[in-house]
Every structure is written in structure tokens, then in C-alpha cells.
Amino acid sequence: MYSSEPGAMMAIRSDVTYSLLLVEDNPGDARLIEIMLGDVGGCTIEKADSLAKAVAKLAEFRPDAILLDLSLPDGQGLTVIDCIRAAAPTIPVIVVTGLQDEEMALKAVQHGCQDYLVKGEGDGNLIRRAVLYSIERMAMDVEREEYAKRLKQVLRQTVRTVSLTLEMRDPYTTGHQRRVAQIAGAIGRRLGLSAEVIEGIETGSLIHDIGKIQIPAEFLSRPGKLSYEAFQVIKTHPRMGWEIVRNIDFPWPVAEMVQQHHECMDGSGYPDGLKGDQIILEARIIAVADVFEAIVSHRPYRPALGLESAIAEIKAFSGIRYDPAVVQACIEIVEERGGVPFDEDVSDVLVRRSP
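What you see is a predicted model; the values in this text were computed from it and never measured.

Caption draft 1: Up close: the overall build of the protein chain. Within the protein chain, the regular secondary structure consists of 14 helices and 7 strands. In the protein chain, which comprises 355 residues, the share counted as buried stands at 46%. Expressed as a percentage of contacts within the protein chain between residues at least 6 apart in sequence, the contacts between residues at least 24 apart total 67%. For the protein chain, the accessible area works out to roughly 17200 Å², and carbon and sulfur atoms hold 53% of it.

Below is the structure:
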């Protein structure tokens, strides 16, 4: 057996019963495993002598664990593991093979197997312990995943509440952060980013202006053009936002998104004058989404300027203020939709996809 002795990690009770799917094409080996497990008792066994038959059985029979040979008539090695794991992702798989190969054992574990046993080494008690340990460990893994999902749901709801709180202070830009999140998420998908990265971008977008909560409300809602002094105060909001969220343990670089969303590719932005790749991609995406949404929407100091003005702005400053790839992605989305890349009836982009 490749992994550490499971019997040392859990006490084996004689009254524990479980069901197994034994995937083994050699009748002699299959019978031997049946006999060894029959001697210690406590399990029922279904058998399959090919990968196709095993997958078919899993469609109607959900065992507590799977004992899997890696050499079958219709599949070999890691291909067998991947097919079984795809058919039964939450059922623990224990490899039972005649191949004593440490490298293959490691790869099997990396592909989701709970254990790796070598035929002819050990008895029924050893197999039983490995099976029961694998069942318990898989149950713990599933429980941890469910807990992580619940925590993420709470995080989404908290971010949404913070975003709505900021909008209450700045009624003229109600929905701005949510629309920016929609645009930024669409850009991320156009750029081929992973779902996890896109979720982080949408989260950062929803609170990218959180630092404005420390800006005097009259500056935010004042009609007409701001004075130089007032604008200098407003320019502090990325740094203030970073101070607010920097100690929150987000699974994405949200604090950096908040701090960098007004940085420019040529270094003329604020607060740190970063340029090019010094600005994280997520912030470069939010920057384009932010200015695009601001131009097509009403503001206290001017009416909406329209779609053509927004496209003209990001085109004119592509490579200067804005990342050219992000600009191109945004324009392509607008052209495909035939209009602004956000819904008129704005709903929260994170809460709507919650499980």
C-alpha cells in the first residue's frame, strides 16, 4: 500500500457495513479480493470487468467506495481513473493494482484517488481499513466543500450589503458599482479568464469605490464641475478603500483592485502612478468598465454622454490610460450586444448566481 497505514488513523469497528464496486477484469484476482473481504465481513460487493460496465453500474448503483484496477480491456492507467472519477466524483476510489509504481501511485492520488494498494500485499483487514478510511476522508472533504460554499455565500451577501450602503450615500450613482461589475465580468469572459478569476473581478467591482464612504457626501452629489481642491479629496478614495479592505482575507486580490482601479497604463493615474503590468489585470479591467459605465450613465454634473462617446474615450486612450486588450474586449462585447454591456434591470451579479 502506497499511503500511510490507515489503521493507525481510525479504529476499525466490526459492525461497520459498506458497499463496494470492484472493477477488475481478472476473474482470479476478483475472486481473491472477494474471499479476503468475505473473511472479515461487513461489505457487499458488486463487480464489473470493464470500464464501460463500471460506468454503467455507477449510473444505477452508488457504492460507498470503488476498488479499481488500472489495467482493463477498454482503459489503462490514469484514463481509467479519470473516467471513474467523472462518473462518480463524490465516491472514494481506491486503486488495487499489480503495478508497484511509486510514480503512478502519486499520480493516482493527484487524480483524486484516496489510496493505492498493490495486489498480493496485505489481507482483507488491510483492504477493509483502507476502504473505511477513504470513506471517512471523502465525507470530510465533502463537508469542508459545503462549509466553504456557505462561507462564500456569506461573503457575497456582505459585499452586496456594503455596495448598497455606499449607493445610499451617493444616490446619483445608484447601480454604478453593480453595472461596472456586469461589464467587468463580461470583459473577463471575453478575455477567456477562469470562472474563479471572474468572480473575483465582479467582487472587486462591487466595492471598487468603497473608499468614497469617507468622502464628504456634498462632494459626491454636488452638481457642476468640482473644484481642484474637492477633486484632490475625491482622488484619495482608492487609497482609503484599500485601507478598509486590505485586512479582509478575500480569495482574490480585491484590495489591490480597489487601490489600482484609477491607475493608467502610462503611469499618469493615481494614487501610486503605476504603469503597464505593475497594475494587476483585474484593476485594468475594472478601469475600463468604470469609465465606460460613467460615460453612458447620468452624473450630477452632466447628462449621460452616450455609447459613442464611451467607445471614443476608451479607443482614444487605449495603450495610454487603458489596457488595449481590455479595450478591444469591451468594444467587441458592445458590438455583439448592439448596446451597453449591462442589463437595464440591474441585479447583483454575485447573489444571483448563489447556489
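Caption draft 2: Inspection of the packing of aromatic side chains at higher detail. Applying the stated rule across the entire model yields 0 aromatic pairs. Residue placement shows Arg321 over the ring face of Phe317; its charged tip is 3.7 Å from the ring centre.

Caption draft 3: Representation of the sheet that holds strand β6 (residues 93–97) in the model. Here 5 strands make up an open sheet; going across it, the order is β2-β1-β3-β6-β7 and the pairing parallel. A single partner strand is all that each edge strand has here, and the edge strands are β2 (43–48) and β7 (115–118). Adjacent strand axes in the sheet meet at a mean angle of 25° when their direction is disregarded. Pairing geometry for strand β3 (residues 65–68) and β6, over 3 bridges, is parallel. Across the sheet, residue Leu68 finds its bridge partner in β6, namely Val95. Here helix α1 (residues 27–40) sits on the sheet and contacts β1 (18–23), β2, β3 and β6; the angle it forms with β2, its principal contact strand, is near 175°. With respect to the sheet, helix α2 (residues 51–58) is in contact with β1, β2 and β3, its orientation differing from that of β2 by roughly 130°.

Caption draft 4: The environment of Val109, seen in detail. Within the secondary structure, Val109 is located in helix α4 (residues 102–110). Judged by its relative accessible area of 39%, Val109 falls in the partly exposed class. Here the alpha-carbon distance between Val109 and Val93, two residues 16 residues apart in the chain, equals 9.5 Å.

Caption draft 5: Main features of the packing of helix α12 (residues 281–296) against helix α13 (residues 307–316). At a minimum axis separation of 8 Å, α12 and α13 run at an interaxial angle of 150°. As the angle between them shows, α12 and α13 are arranged roughly antiparallel. Handedness of the α12/α13 crossing: right-handed. On the side of α12, the interface is formed by Val288, Val291, Phe292, Ile295 and Val296, while α13 contributes Leu307, Ser309, Ala310, Ile311, Glu313 and Ile314. Grouping the amino acids of the contact of α12 with α13 by side-chain chemistry returns 9 nonpolar, 1 polar and 1 charged.

Caption draft 6: A look at helix α3 (residues 77–87). Taken together, the buried positions of α3 are Gly77, Val80, Ile81 and Ile84. For α3, the angular spread of the buried residues around the axis is 95°, confining them to a single face. Looking at the buried side of α3, the elements it contacts are α2, β3, β4 (71–72), β5 (75–76), β6 and α4.

Caption draft 7: Focus on the pattern of salt bridges. Scanning the entire structure with this criterion turns up 19 salt bridges. A salt bridge links Arg190 to Glu336, with the shortest nitrogen-to-oxygen separation between them at 2.5 Å. With Arg190 in helix α6 (residues 176–190) and Glu336 in helix α14 (residues 324–337), the pair connects residues that are 146 residues apart, well separated along the chain. Note on Arg190: relative accessible area 32%, which makes it partly exposed. With a relative accessible area of 61%, Glu336 lands in the exposed category.

Caption draft 8: Highlighting the nonpolar core. With 37 residues, the main nonpolar core has Ile187, Val288, Phe292 and Ile314 as its most contacted residues. If you list the elements that add at least two residues to this core, you get α6, α7 (195–206), α11 (254–260), α12, α13 and α14. Per element, the largest residue contribution to this core is 8 residues, and it comes from α12. With residues near it in sequence (within four places) discarded, Ile187 still touches Ile285, Val288, Val326, Ala329, Cys330 and Ile333.

Caption draft 9: The environment of Asp82, seen in detail. Here Asp82 is to be found in helix α3. What makes Asp82 partly exposed here is its relative accessible area of 37%. For the pair Asp82 and Cys113, spaced 31 residues apart in the sequence, the C-alpha separation amounts to 9.6 Å. In this structure the side chain of Asp82 is engaged in a polar contact, spanning 2.7 Å, whose partner is the side chain of His111.

Caption draft 10: Looking closely at unusual backbone geometry. For the bond running from Tyr270 to Pro271, omega is 15°, close enough to zero to count as cis. Its place among the elements puts Pro271 in the loop between α11 and α12.

Caption draft 11: Fine view of the pairing of β7. Side chains of β7 alternate between two faces, with Asp115 and Leu117 and Tyr116 and Val118 buried alike. As paired elements, β6 and β7 share 4 bridges and run parallel to each other. Its bridge partner lying in β7, Val95 is registered against Tyr116. In this view, the connection linking β6 to its parallel neighbour β7 by way of α4 has right-handed handedness.

What counts and how
- Numbering of residues begins from 1 in every chain and follows the order in which that chain's sequence is written.
- Local features in this predicted model are restricted to residues whose pLDDT is 70 or higher, and side-chain atom pairs enter the listing and the counts only when it is 80 or higher, whereas totals over whole chains, interfaces and linings include all residues.
- As a convention, hydrogens and water are excluded, and side-chain values are obtained from all of the structure's heavy atoms.
- The helix and strand labels rest on DSSP assignments: H or I over at least four residues marks a helix, E over at least two residues marks a strand, and numbering proceeds from the N terminus.
- A 1.4 Å probe rolled over the protein chains alone gives each residue an accessible area, and that area as a share of the maximum for its type sets the label: buried under 20%, exposed over 50%, partly exposed in between.
- A contact between two residues is defined here by any heavy atoms of the two lying within 4.5 Å.
- Note on areas: these come from Shrake-Rupley sampling with a 1.4 Å probe, and a residue is covered only by the protein chains present in the view.
- For this analysis, a ring pair means two rings from Phe, Tyr or Trp (six-membered ring only for Trp) whose centres lie within 6.5 Å, classed as stacked if their planes differ by under 30 degrees, edge-to-face if by over 60, and tilted for the remaining angles.
- Lysine NZ or arginine CZ positioned within 6 Å of the ring centre and within 35 degrees of the ring normal marks a charge as sitting over the ring.
- Pairs of strands are assigned from DSSP output, requiring at least two bridges between the strands.
- Lines are fitted to the C-alpha atoms to define the axes, a helix being fitted only along its stretch in contact, and any angle between axes, read from their N-to-C directions, falls within 0 to 180 degrees.
- Small angles under 35 degrees read as roughly parallel and large ones over 145 as roughly antiparallel, with 65 to 115 read as roughly perpendicular and the rest as oblique.
- The hand of a helix crossing depends on one turn: near helix anticlockwise from the far one by less than a right angle means left-handed, and clockwise means right-handed.
- Any residue outside Ala, Val, Leu, Ile, Met, Phe, Trp, Tyr, Cys, Pro, Asp, Glu, Lys and Arg is labelled polar, Gly included; the first ten of those are nonpolar and the last four are charged.
- Think of the arc as the fan of directions from the helix axis to the C-beta atoms.
- Any carboxyl oxygen of Asp or Glu within 4 Å of a side-chain nitrogen of Lys or Arg constitutes a salt bridge here.
- Take the buried residues of types Ala, Val, Leu, Ile, Met, Phe, Trp, Tyr and Cys, join any two whose side-chain atoms come within 4.5 Å, and each joined set is a nonpolar core.
- Here a polar contact means two N or O atoms within 3.5 Å. Within protein one must be a hydrogen donor candidate and the other an acceptor candidate, and residues neighboring in sequence count only if both atoms are side-chain atoms.
- Crossover handedness is defined by viewing with both strands directed away from the observer: a clockwise path from the first strand over the helix to the second marks the crossover as right-handed.

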